[in-house]
Amino acid sequence: MRNSPKLCVAFLIMVLLFGPSHGLPPFWPRTDLTMTNNLGGPVLTVHCKSKDNDLGVHMVAAKTDYHFSFQPNIWKTTLFFCSFQWNNQVKRFDIFDAPRDQDDGYKFNWTIKPDGPCKLGKKVKCFPWK
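This one's a predicted model, so the numbers in the text were calculated from it and none came from an experiment.

Colleague: Could you give an account of the state of the cysteines, naming the residues involved and the relevant values?
Modeller: Summed over all chains, the structure comprises two disulfides. Put simply, Cys 48 and Cys 82 are joined by a disulfide, and their sulfur atoms are 2.0 Å apart. Taking the sign of the S-S torsion, about 105° here, the bridge from Cys 48 to Cys 82 comes out right-handed. Taken together, the residues Cys 48 in strand S2 (residues 44-49) and Cys 82 in strand S5 (residues 79-86) connect sequence positions 34 residues apart. Each member of the pair, Cys 48 as well as Cys 82, is classed as buried. What pairs with Cys 118 in a disulfide is Cys 126, and their sulfur atoms sit 2.0 Å apart.

This is the structure:
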């Protein structure tokens with residue numbers, strides 16, 4: 001029995017789409033995200049989540065980083081939202097929003113400041129707190 005070209009193409013697509021969940025290398029790289037506490041002194045408490053993942057609560061000392069990586073989906077709907085707490089303040093921000101960020105590469109460096117987070121890179125883009 002001969003394999004049809006359509007069957008081979010369908011199999012290849014399935015391997016590429018679902019391979020990452022079975023330990024196979026994905027056809028697009030993981031996204032790395034780093035946040036640096038630049039509040040000027042206090043410890044920053046960070047709690048990030050997506051629809052599917054709760055990354056837990058992390059304490060980030062001044063001038064140090066919190067880092068995580070993830071595999072964005074192919075539909076450009078991946079969203080990681082975080083709460084940031086220091087002193088008596090609680091702020092929220094979407095630290096990765098695929099429609100906004102995915103075309104900017106796979107490595108994101110953020111500095112967290114009292115007036116809002118700033119995405120570093122060729123152009124620094126700062127955002128107000130929500």
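Colleague: Account for the environment of His 67, naming residues and giving values.
Modeller: Here His 67 lies in strand S4 (residues 65-70). Beyond its immediate chain neighbours, meaning those up to four positions away, His 67 contacts Asp 32, Leu 33 and Thr 34.

Colleague: Just give me the short version of the sheet that holds strand S3 (residues 54-60), but keep the residues and values in it.
Modeller: Ordered in space as S3-S2-S5-S6, the four strands form an open sheet in which the pairing is antiparallel. Each edge of the open sheet carries a strand with a single partner, namely S3 and strand S6 (89-97). Across this sheet, the average inter-strand angle for adjacent strands is 20°, counted without regard to direction. Pairing analysis gives five bridges linking S2 to S5, with the strands arranged antiparallel.

Colleague: A description of unusual backbone geometry should follow, citing residues and the corresponding values.
Modeller: Phi is positive for Lys 63, which is not a glycine, with a value near 65°. Turning to its location among the elements, Lys 63 is positioned in the loop between S3 and S4. One non-glycine residue, Lys 76, lies in the positive phi region at around 55°. Among the structural elements, Lys 76 can be located in the loop between S4 and S5. Here Lys 76 falls in the partly exposed class, since its relative accessible area comes to 35%.

Colleague: Which residues make up the pairing of S6, and what values go with them?
Modeller: Sheet topology note: the S5/S6 ladder contains eight bridges and is antiparallel. Within S6, the residue paired with Gln 85 across the bridge is Val 90. Turn length for the S5-S6 hairpin, with the two strands adjacent in sequence and antiparallel, is two residues, and the turn residue Asn 87 shows positive phi of about 45°.

Cut-off values and rules
Residues numbered from 1 in each chain as written. Predicted model: local features only at pLDDT ≥ 70, side-chain atom pairs only at ≥ 80, totals over all residues. Heavy atoms only, no water. Disulfide = S-S within 2.5 Å. Helix = DSSP H or I, 4+ residues; strand = E, 2+ residues; numbered from the N terminus. Buried < 20%, exposed > 50% of the residue type's maximum accessible area, 1.4 Å probe, protein only. Contact = heavy atoms within 4.5 Å. Pairing = 2+ DSSP bridges. Axes fitted to C-alpha atoms, helices over the stretch in contact; angles between N-to-C directions.

No statement about biological role is implied by the geometric values presented.
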